[in-house]
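# Secondary and tertiary structure notes
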Amino acid sequence: LRPYATGPGNGFEPSPSQPNDTARVALSFDLQRTTDSALFAHVPEDPMASAGGRCLSHIREVCAARGVQLVLFTAPYHACTAIRREAYARIGDAFRTHGFEWLDYSCAPPAELRHLHYWVDNDHVNAEGARKLSMRLAFDLRRLGYLNWHPTPP
């Protein structure tokens, strides 16, 4: 999904696959090697001690009070820089320490998304990639027991 996608709606419509997607993925990854040090430098040692972490804890409390299980997930990158890998490792440690369920696809995209054909750039899947990612997320949620949906009637 892309915030600057064309078409009607709220601006988050999925982008269809384009012939230059492969080149755009490689270019965006190269650019991120220089920008990631600034973008990910501010991940605190304990992300849960930040305002965002306190907000997530509050959201979990509200969900629990209503009988809803909060499951977090991180959308994948096609490729991860070392800086991103370290930042997500820190975030994951904090989530696990504080008892959050987290599906982390950030630096290990699902095998279904390995081909560049499913990406608009290093950070965004296209419409075909979004379908594959949604199927993977549903599969993993079912596998973990969060969905009682079965593809065929019992």
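All figures in this text were calculated on a predicted structure; none of them were measured in a lab.

### Observations concerning the environment of Tyr105
Following the sequence through the fold, Tyr105 ends up in the loop between β2 (101-104) and β3 (119-121). When residues no more than four places from it in sequence are discounted, the contact partners of Tyr105 are Phe73, Thr74, Ala75, Pro76, Tyr77, Pro110, Leu133, Arg136, Leu137 and Asp140. Side chain to side chain, Tyr105 and Asp140 meet in a polar contact 2.6 Å long.

### Observations concerning the nonpolar core
Counting residues in hydrophobic clusters, the biggest one holds 16 residues, and the most contacted among them are Leu72, Phe95 and Phe100. Broken down by secondary-structure element, the contributors of at least two residues to this core are α2 (51-65) and α3 (82-97). The element contributing the most residues to this core is α3, with five residues. Dropping the residues within four chain positions of it, Leu72 is found in contact with Leu56, Phe95, Phe100, Glu101, Trp102 and Leu103. Ranked by size, the runner-up nonpolar core spans 10 residues in total, among them Tyr105, Trp119, Val125 and Ala130.

### Let's talk about the pairing of strand β1 (residues 71-74)
The alternating pattern of β1 places Leu72 and Thr74 on a buried face and Val71 and Phe73 on a face that is not buried. Of the pairings in the sheet, the one linking β1 to β2 comprises four bridges and is parallel in character. Each residue of the ladder has a partner; that of Phe73, found in β2, is Leu103. Taken together, β1, α3 and β2 constitute a β-α-β crossover, and its handedness is right-handed.

### Section: the confidence of the model for the protein chain
Confidence along the protein chain averages 81 in pLDDT terms, with 79% of residues attaining 70 or more. Looking at the elements of the protein chain, mean pLDDT is at its lowest for helix α1 (residues 21-39), recorded as 70, and at its highest for β2, recorded as 93. Per-residue pLDDT stays below 50 along residues 1-5; that stretch engages in 20 contacts with residues further than four places along the chain or on separate chains.

Conventions we followed
- Residues numbered from 1 in each chain as written.
- Predicted model: local features only at pLDDT ≥ 70, side-chain atom pairs only at ≥ 80, totals over all residues.
- Heavy atoms only, no water.
- Helix = DSSP H or I, 4+ residues; strand = E, 2+ residues; numbered from the N terminus.
- Contact = heavy atoms within 4.5 Å.
- Polar contact = N/O pair within 3.5 Å; in protein donor to acceptor, adjacent residues only side chain to side chain.
- Core = buried A, V, L, I, M, F, W, Y, C linked by side-chain atoms within 4.5 Å.
- Buried < 20%, exposed > 50% of the residue type's maximum accessible area, 1.4 Å probe, protein only.
- Pairing = 2+ DSSP bridges.
- Right-handed = clockwise from strand over helix to strand, strands pointing away.
- pLDDT = per-residue confidence, 0-100.

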